[in-house]
Amino acid sequence: ERKPFPADFLWGAASAAYQVEGAWDADGKGPSVWDIFTREPGRTFQGSNGEVAVDHYHRFEEDVALMAEMGLKAYRFSVSWPRIFPTGRGAPNEAGLAFYERLIDALRAHGIEPVLTLYHWDLPQALQDEYGGWESRRIIADFEHYCVTLFQRFGGKVKWWVSLNEQNYNLTNAYQLGTHPPAVQDRKRFFAANHVAFLANATVIAAFRRHVPDGHIGPSFAYSPAYPASCDPAELLAFENAEEFTNHWWLGTYCFGRYPRGTLAWLRETGEAPEIMPGDEAILRAGTPDFVGINYYQTLTYTTNALDGVTMQRINTTGEKGTTPSSGVPGLYRTLPNPRVETTNWDWAIDPVGLRIGLRRLSSRYALPILITENGLGEFDTLTEDERVHDDYRIDYLRRHIEACRDGISDGVQLLGYCAWSFTDILSWLNGYQKRYGFVYVDRDEHDPRDLRRVRKDSFYWYRRVIASGGVD
Ligand code: BGP
């Protein structure tokens, strides 16, 4: 007999400030690195940016009303650091704080638990210019000051907090692939920036304990469980390498407050290891999380990679199926398409069993509760003449992943909740507005006076039933 979802399970949906808010310079907000980066030609699909996004900043009441209609139990959103500190530090901008206060109050008035992400990539540009953002240890104090400001203001009302969103994915793009700001391709700088981010993450978690002792905090990790391409021992080794370098390097450091030693030894040999100063590991140990947040979209399958082999490359940003190149690290591993699973138009493996496998792996290694902070299907959607969106493919995707959650719970995983990505359609960082994830369609036709209007998709009604039945549907 399979276990039911717990009664207090956080049935949620998620978003991020830059992807929904718009109002990029409203009420004293300073520019983020994304505001500046997206102005450079060729950075994003068709030059899309978040200046207007879905205008959630001005329409949040309408959006929260839709969440309430849907019966959402939790809503994960992020705070935009440059809205609170336009130049990254100093005195807070009261208008910025007031916006999030109104959002949080509106959610709570409807019994929706706010899940607040402190950092979802929109670094104040001023800090990038001043000292190179995540490459300088100076960011640790500025990040702590920003976070403590939020702990003090909202700690009484918000009990679920996410520290860094996808440090692994964001910094890989920012410092290895060169596809997120500051668009660097240098593995030494990549590991150095990660070291600073680990220290900042642990520092704010330690501060959180002092300011919000009854709250829960953890990072959100972009988790792609690895598969070996075959039972060839050489490929199994490549798979193990990928697990260590793409998953446990981050998760182990977060959860144990200590770098995995095997990986560190390898990086010392290649000269890529970060500079670890005396006292750094004590900081990491003092700031381990209450839970592991995972953003699960897909598994990745790995094979060996000759020393002169493929290196990291760009992703498929167009939605033209089959255009993702293999990527990896010479000498360690590289990706291969998995012939046994279907993929989305952006070549992401659709693999609900992989979610169950991943939940079990993390649960047994780290022995912490898990919160699914993102999971969803990016697809082209069509708005019909009679204002409907028949997204049965999304319902199918979500249903199978929610089933995998239930299987994980039956396997003994302590699963706190499930936040689907996303509530409304939003901006996809590199893939523009055509890659849609929401339960609520956002029409983008600037010649139509009803531009940016919200339309409930079929998946909206379906998820409402799932939540109402406690996941029985
Ligand atoms: C995660 C991010 C989200 C979101 C999601 C979908 O990496 O945390 O912000 O964008 O992925 O990815 P994409 O927009 O590339 O399809």
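Residues numbered from 1 in each chain as written. Predicted model: local features only at pLDDT ≥ 70, side-chain atom pairs only at ≥ 80, totals over all residues. Heavy atoms only, no water.

Per an unreviewed UniProt entry, the recorded name for the protein is Glycoside hydrolase family 1 protein, and the organism is Niveibacterium microcysteis.

Structural notes on the confidence of the model for the protein
A residue-level look at the protein finds 97% of positions with pLDDT of 70 or above and a mean pLDDT of 95. Across the predicted assembly, pTM comes out at 0.97 and ipTM at 0.98. (pLDDT = per-residue confidence, 0-100.)

Some details on the packing of helix α10 (residues 233-256) against helix α11 (residues 261-270)
Between two packed helices, both the angle of their axes relative to each other and the distance between the axes serve to describe the pair. The geometry of α10 relative to α11 is characterised by a closest axis approach of 10 Å and an angle of 120° between their N-to-C directions. Here α10 runs over α11; the crossing is left-handed. Packed against α10, whose contacting residues are E244, F245 and W249, the element α11 presents T263, L264, W266 and L267 at the interface. Residues belonging to the contact of α10 with α11 are distributed by class as follows: five nonpolar, one polar and one charged. (Axes fitted to C-alpha atoms, helices over the stretch in contact; angles between N-to-C directions. Helix = DSSP H or I, 4+ residues; strand = E, 2+ residues; numbered from the N terminus. Left-handed = near helix turned anticlockwise from the far one by under 90°. Contact = heavy atoms within 4.5 Å. Nonpolar A, V, L, I, M, F, W, Y, C, P; charged D, E, K, R; others polar.)

What to know about the sheet that holds strand β9 (residues 328-329)
Across the sheet, four strands lie side by side as β6-β8-β10-β9; this open sheet has mixed pairing. Strands at the two margins of the open sheet, each flanked by one partner only, are β6 (226-228) and β9. Relative to strand β8 (residues 300-303), β6 is paired through three bridges, and the arrangement is parallel. Within β8, the position partnered with Y227 by the bridge is T301. (Pairing = 2+ DSSP bridges.)

Considering the packing of aromatic side chains
Summed over the entire model, instances satisfying the criterion amount to 44 aromatic pairs. Here F221 and W250 contribute two aromatic rings whose centre-to-centre distance is 6.2 Å and whose plane-to-plane angle is 45°, an arrangement assigned as tilted. Residue F221 is located in strand β5 (residues 216-222), and its partner W250 is located in helix α10; the two are separated by 29 residues in the primary sequence. The same class applies to F221 as to W250, namely buried. Note on Y297 and Y437: the rings are 6.1 Å apart at their centroids and 75° apart in plane angle, and the pair reads as edge-to-face. Taken together, the positions of Y297 in the loop between β7 (292-295) and β8 and Y437 in the loop between β12 (415-421) and β13 (440-442) put the pair 140 residues apart, joining distant regions of the chain. This pair shows no difference in class: Y297 is buried, exactly as Y437 is. Taken together, the aromatic side chains of F190, F191, F198, F221, Y223, W249, W250, Y254 and Y259 make up a single cluster linked through ring pairs. Its end group placed over the ring of W348, K435 keeps NZ or CZ at 3.8 Å from the ring centre. (Phe/Tyr/Trp six-rings, centres within 6.5 Å; stacked < 30°, edge-to-face > 60°. Buried < 20%, exposed > 50% of the residue type's maximum accessible area, 1.4 Å probe, protein only. Lys NZ or Arg CZ within 6 Å of the ring centre and 35° of its normal.)

Let's talk about the site of the ligand
Taken together, the neighbourhood of the ligand is formed by 16 residues, with Q19, E166, S428, K435 and Y437 sitting nearest. Q19 is positioned with one of its side-chain polar atoms (N or O) 2.7 Å from an oxygen atom of the ligand. In the environment of the ligand, an oxygen atom lies 2.9 Å from a nitrogen or oxygen atom belonging to the side chain of W429. Computed on the free molecule, the ligand has an accessible area of 370 Å², of which 96% lies beneath the protein chains in the complex. Of the residues assigned to the shell around the ligand, the class counts are seven nonpolar, six polar and three charged. (Near = heavy atom within 4 Å. Polar contact = N/O pair within 3.5 Å; in protein donor to acceptor, adjacent residues only side chain to side chain. Areas by Shrake-Rupley, 256 points an atom, 1.4 Å probe, with all protein chains shown as cover.)

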